[in-house]
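A closer look at the structure
So the chains spell out like this:
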Amino acid sequence: MIILLVRGAGLGMAMMPIQTYGLSTIPNAMIGKASALSNTFRQVIAAFGIALLSSILTHRQYFHSARLSESLTMNNSAGAILSTEILRNALLHGLNLESARTVLPQWMGSMLVKQSYLMSLNDTMLIAAYISAAGLFLGFMISKPCKKEV
């Protein structure tokens, strides 16, 4: 939550100076059209960015789900430990052993889905951070415009 708060504050503090700087190089007669074009461009790029990151999130979730389901079987140690812990918790909460064994695959599947979603969200945030770092680098490459004498 703190990372999202810092990200939102950073975007809010960055957008106005970037737009002001970009529009400062435009002749006064064209400011209205340039502002409308800038806002339209920003909205379209934001929509494409959301679509791209959503697609990455979905594909990474499929990937992590497949990888986790391959590695989590009842025959290996991780699967045995997880199933033992789930059964122990079920027994502590009042289920009998037969009922706990019946719902064990559903609980393991639910945990697998949650873990794969978390891992895919981490991947997507990392990719977004790389894109932001590239934008920051490009932002420092912007040179100051030459002032025209009238």
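Chains are numbered independently. Their residues run from 1 in the order of the written sequence. Only residues with pLDDT of at least 70 get local features here, since the model is predicted, and only at 80 or more are side-chain atom pairs given and counted; chain-wide, interface and lining totals rely on the full set of residues. Water and hydrogen atoms play no part in the side-chain values, which are based on all heavy atoms of the structure.

Moving on: the overall build of the protein chain. Helix and strand assignments come from DSSP, with helices taken as H or I runs of at least 4 residues and strands as E runs of at least 2, each series counted from the N terminus. Helix and strand counts for the protein chain stand at four helices and zero strands. Its helices and strands taken in sequence order, the protein chain reads α-α-α-α from the N to the C terminus. We compute the radius of gyration over the C-alpha atoms and compare it with the globule rule, which gives 2.2 Å times the number of residues raised to the power 0.38. A compact globule built from 150 residues would reach a C-alpha radius of gyration of about 15 Å, whereas the protein chain, at 25 Å, exceeds it by more than 25%. With the C-alpha coordinates aligned to their principal axes, the bounding extent of the protein chain is approximately 85 × 25 × 25 Å. Here the term buried applies to any residue with accessible area under 20% of the maximum for its type, exposed to any over 50%, and partly exposed to those in between, with areas from a 1.4 Å probe on protein chains only. Burial statistics for the protein chain: of 150 residues in total, 14% are counted as buried. Partitioning the contacts of the protein chain with sequence separation of at least 6, the portion at a separation of at least 24 is 62%. In the protein chain, which carries 11 positive and 5 negative side-chain charges, the distance between the mean positions of the two groups comes to 15 Å. The criterion used for residue contact is that any of the two residues' heavy atoms lie within 4.5 Å. Working convention for charge: Lys and Arg count positive, Asp and Glu count negative, and His plus the chain ends are omitted. Charged side chains are reduced to one point each, which is NZ for Lys, CZ for Arg, CG for Asp and CD for Glu.

Another aspect to go through is a nonpolar patch on the surface. Where nonpolar side chains cluster on the molecular surface, the patch consists of F41, V44, I45 and F48 and spans about 440 Å² of accessible area. The topology assignment puts F41 in helix α2 (residues 31–71). Residues enter a patch when their relative accessible area is above 30% and they make no salt bridge; the linking distance is 9 Å between like charges and 5 Å between nonpolar side chains (Val, Leu, Ile, Met, Phe, Trp, Tyr). Values of accessible area rely on a 1.4 Å probe in the Shrake-Rupley scheme; residue burial ignores everything except the protein chains shown. By definition, a salt bridge exists where a carboxyl oxygen of Asp or Glu is found within 4 Å of a side-chain nitrogen of Lys or Arg.

A few words now on α2. Expected helix span is given by 1.5 Å per residue-to-residue step, counting one fewer step than there are residues. Between its first and last C-alpha, α2 extends 59 Å over 41 residues, near the 60 Å set by a 1.5 Å rise per residue. Burial in α2 covers these residues: A34, I56, L57 and H64. If you follow the buried residues of α2, they end up packed against α1 (2–23) and α4 (97–140).

Quick look at the confidence of the model for the protein chain now. pLDDT expresses how confident the predictor is about each individual residue, on a scale running from 0 to 100. Confidence along the protein chain averages 84 in pLDDT terms, with 93% of residues attaining 70 or more. Mean pLDDT across the elements of the protein chain ranges from a minimum in helix α3 (residues 77–92), with 77, to a maximum in α2, with 91.

Turning to the packing of α1 against α2, a few remarks are in order. With their axes 11 Å apart at the nearest point, α1 and α2 run at an angle of 140° to one another. When the axes of α1 and α2 are compared, the pair comes out oblique. The two elements α1 and α2 cross, and the hand of that crossing is right-handed. On α2, the residues touching M15, Q19 and L23 of α1 are I31, A34, S35, S38, N39 and R42. In this classification, the charged set is Asp, Glu, Lys and Arg, the nonpolar set is Ala, Val, Leu, Ile, Met, Phe, Trp, Tyr, Cys and Pro, and all remaining amino acids, among them Gly, are polar. Looking at side-chain class alone, the contact of α1 with α2 contains four nonpolar, four polar and one charged residues. Under this scheme, a helix contributes an axis fitted over its contacting stretch, all axes are lines through C-alpha atoms, and angles between N-to-C directions fall in the 0 to 180 degree range. The labels follow the angle: roughly parallel below 35 degrees, roughly antiparallel above 145, roughly perpendicular from 65 to 115, and oblique for the rest. With the far helix as reference, a near helix turned anticlockwise by less than a right angle produces a left-handed crossing, and one turned clockwise produces a right-handed crossing.

Glancing now at the environment of L126. Turning to its location among the elements, L126 is positioned in helix α4. Residue L126 is classed as partly exposed on the basis of its relative accessible area of 44%.

This brings us to the packing of α2 against α4. Relative orientation of the contacting elements α2 and α4 amounts to 135°, with a least axis distance of 8 Å. It follows that α2 is oblique to α4 by the angle criterion. Of the two possible hands of crossing, α2 and α4 adopt the one that is right-handed. Facing L53, I56, L57, R60, Q61, H64, S65, L68 and S69 of α2, the residues of α4 in contact are L112, V113, Q115, S116, Y117, M119, S120, L121, D123, T124, I127 and A128. Across the contact of α2 with α4, the residue classes tally to 11 nonpolar, eight polar and two charged.

Cavities and pockets were defined on a 1 Å grid built over protein atoms only: a cavity is a set of grid points that admits a 1.4 Å probe from which the probe cannot escape, a pocket is an open set flanked by protein on both sides within 12 Å along at least five of seven lines, and lining residues are those with an atom within 4 Å of any such point. Grid points are joined across faces, edges and corners, and a volume is the space filled by probe spheres set on the points. In this structure, the largest pocket spans a volume of roughly 1,900 Å³. R7, L11, M15, I131 and S132 are the residues nearest the centre of the largest pocket, which is lined by 36 residues in total. Here the lining of the largest pocket gets 13 residues from one element, more than from any other, and that element is α1. Taken together, the residues of the lining of the largest pocket break down into 24 nonpolar, 10 polar and two charged.

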